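Summary of the model geometry
One letter stands for each residue in the lines below.
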Amino acid sequence: MPEIITLLVGGLALVVALVAGLYLWPVRRPGRRVAPGQPLDFDTATRAAEAIIAAEAADPALRPESRSRLLSHGSRTGRAVLLLHGYTLAPEQYDGLAEEFFDSGYNVWIPRAPRHGTVDGRAHHRVEAEELTTYAARALAVVAGLGDEVGVVGISGGGVLAAWLAQVPGDVVRHLLLLSPFFGPDPRQAPAFAVRPLITLYGRRILPDRVTSRGYSLSAVTQYLTIARGLPNPPRRTGLWTVAVAISPLDGVVDRAAAVTVPRRIADAHAIPLRVCTLPETWGVGHNILSLAALGAAGAELRRRYVALYEGEPTPTPGLAQVARVEE
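Quick look at the structure, then.

Calculation criteria
Residues numbered from 1 in each chain as written. Predicted model: local features only at pLDDT ≥ 70, side-chain atom pairs only at ≥ 80, totals over all residues. Heavy atoms only, no water. Salt bridge = Lys/Arg side-chain N within 4 Å of Asp/Glu carboxyl O. Buried < 20%, exposed > 50% of the residue type's maximum accessible area, 1.4 Å probe, protein only. Helix = DSSP H or I, 4+ residues; strand = E, 2+ residues; numbered from the N terminus. Polar contact = N/O pair within 3.5 Å; in protein donor to acceptor, adjacent residues only side chain to side chain. Contact = heavy atoms within 4.5 Å. Axes fitted to C-alpha atoms, helices over the stretch in contact; angles between N-to-C directions. Left-handed = near helix turned anticlockwise from the far one by under 90°. Nonpolar A, V, L, I, M, F, W, Y, C, P; charged D, E, K, R; others polar. Expected span 1.5 Å × (residues − 1). Phe/Tyr/Trp six-rings, centres within 6.5 Å; stacked < 30°, edge-to-face > 60°. Core = buried A, V, L, I, M, F, W, Y, C linked by side-chain atoms within 4.5 Å.

Side chains that differ in sign of charge can pair as their charged atoms come close. According to the stated counting rule, one finds 10 salt bridges in the structure shown. Of the charged contacts, one joins Arg63 and Glu65 as a salt bridge, the two residues approaching to 3.4 Å between their closest N and O atoms. In this structure Glu65 comes out as partly exposed when scored by relative accessible area, which is 41%. For Arg205, the salt bridge identified is with Glu128, shortest N-O distance 3.0 Å. Taken together, the residues span a long stretch of sequence, with Arg205 in the loop between α6 (192–203) and α7 (218–229) and Glu128 in the loop between β3 (107–110) and α4 (129–144) at a distance of 77 residues. On the accessibility criterion, Arg205 (31% relative accessible area) is partly exposed. A network of salt bridges, in which partner residues are shared, links Arg63, Glu65 and Glu92.

Okay, structure coming up:
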């Protein structure tokens, strides 16, 4: 009997140690340097973007419709915007909204994230946090050369990268718009207490990867969560002028409370209001709030609303106030 008790106590101690290790193991913090030593001029930034586009056009592993895109007016403009797509998706996710920004006078850069937009539907499973932050930093360096006033829009995992760019030293980002940002999973999918162990076990690839019914790799998803957990807390004051978020109450992917709380803290650090746009349930739009084709005219008007939110417009676009609630 004493031997059995000793084994049980030893086993319990091992379990406690393992659990404690999962919570105490530090979350990696990707590098924070963003701004280049010498900002790119318009011609250099354009050549950098065109070189990326040309390389992708020559790569048979990439889907033609998923290549990076540059919408340029041919010269440096007063405003330029970086659009960061979501996990498992590609630059075509911004069809419509990119044109809306361009028609409003912006130069627009929509880069393809690493391991995305490929003919191999599983390539994105292998993406790493450092790859994502490096991609975001280089994309910001390009867009900073395209216009005087620079901002970032990010959806889902791209929203995490947009928030990261707005919080790193450099004071380049003036406007931040987050669409369904993935700062944490919907608690119905993974409760808050389980997120850190998931980051440790799958983010560090200690456990074999698992793929959800949505086609999400846990090893990949936790790379975005690693970046989200590495955001400064409390947020630092950088150069932001506007912060806004849009979310659907039908979103079953993200933690909707965190989707608002995190950008609100960033806005508070800058002593500026956070504008929150909530889509109506009756529209039936879920996580991808850029998928608006079925909404017809209302979808086109919502894209204009997104641009207004990005710019910090204080009042709703006429006609849309009745269907999409905007709060501060």
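As for its placement among the helices and strands, Ala129 is situated in helix α4. Residues Ala129 and Gly203, 74 residues apart in the sequence, show an inter-C-alpha distance of 8.8 Å.

Tracing the sequence through the fold places Thr118 in the loop between β3 and α4. Among the polar contacts made by the side chain of Thr118, one reaches the main-chain carbonyl oxygen of Asp120 at a distance of 2.6 Å. Not counting chain neighbours up to four residues away, the residues in contact with Thr118 comprise Ala61, Leu62, Arg63 and Ala123.

Closest axis-to-axis distance for the α6/α7 pair is 9 Å, and the angle between their directions is 115°. Note on packing geometry: the crossing formed by α6 with α7 is left-handed. In this structure, α6 uses Ala192, Val195, Arg196, Leu198, Ile199, Tyr202 and Gly203 to contact α7, whose residues at the interface are Leu218, Ser219, Thr222, Gln223, Leu225, Thr226 and Arg229. Per-class residue counts for the contact of α6 with α7 are 7 nonpolar, 5 polar and 2 charged.

Attention now moves to α6. When the terminal C-alpha atoms of α6 are compared, their 16 Å separation across 12 residues agrees well with the 16 Å that a helix rising 1.5 Å per residue should span. The set of residues buried in α6 consists of Ala194, Val195, Pro197, Ile199, Thr200, Tyr202 and Gly203. Arg205 occupies a position one or two residues after α6 and carries a positive phi of about 60°.

This brings us to the packing of aromatic side chains. Summed over all chains, the structure comprises 5 aromatic pairs. Aromatic side chains Phe101 and Tyr310 sit 5.1 Å apart centroid to centroid with 85° between the ring planes, which places their arrangement in the edge-to-face category. Placement of Phe101 in helix α3 (residues 97–103) and of Tyr310 in helix α9 (residues 297–311) is noted, with a sequence separation of 209 residues between them. Judged by relative accessible area, Tyr310 falls into the buried class, the value being 0%. Taking 5.8 Å as the distance between ring centres and 70° as the angle between the ring planes, the aromatic pair formed by Tyr106 and Tyr310 counts as edge-to-face.

To continue, consider the nonpolar core. In terms of nonpolar packing, the biggest core is built from 60 residues, with Leu82, Leu165 and Phe183 touching the most fellow members. Sorting elements by how many residues they give to this core places α4 first, with 9 residues. When neighbours within four sequence positions are excluded, Phe183 is seen to be in contact with Gly159, Val160, Ala163, Leu178, Leu225, Ala228, Leu231, Ala258, Ala259, Val262 and Pro263.

Another aspect to go through is the packing of α4 against helix α5 (residues 157–167). Where α4 contacts α5, the axes come no closer than 10 Å and their chain directions differ by 60°. For the element pair α4 and α5, the recorded crossing hand is right-handed. Mapping the contact onto sequence places Leu132, Thr133, Tyr135, Ala136, Ala137 and Leu140 in α4 and Leu161, Trp164 and Leu165 in α5. Grouping the amino acids of the contact of α4 with α5 by side-chain chemistry returns 8 nonpolar, 1 polar and no charged.

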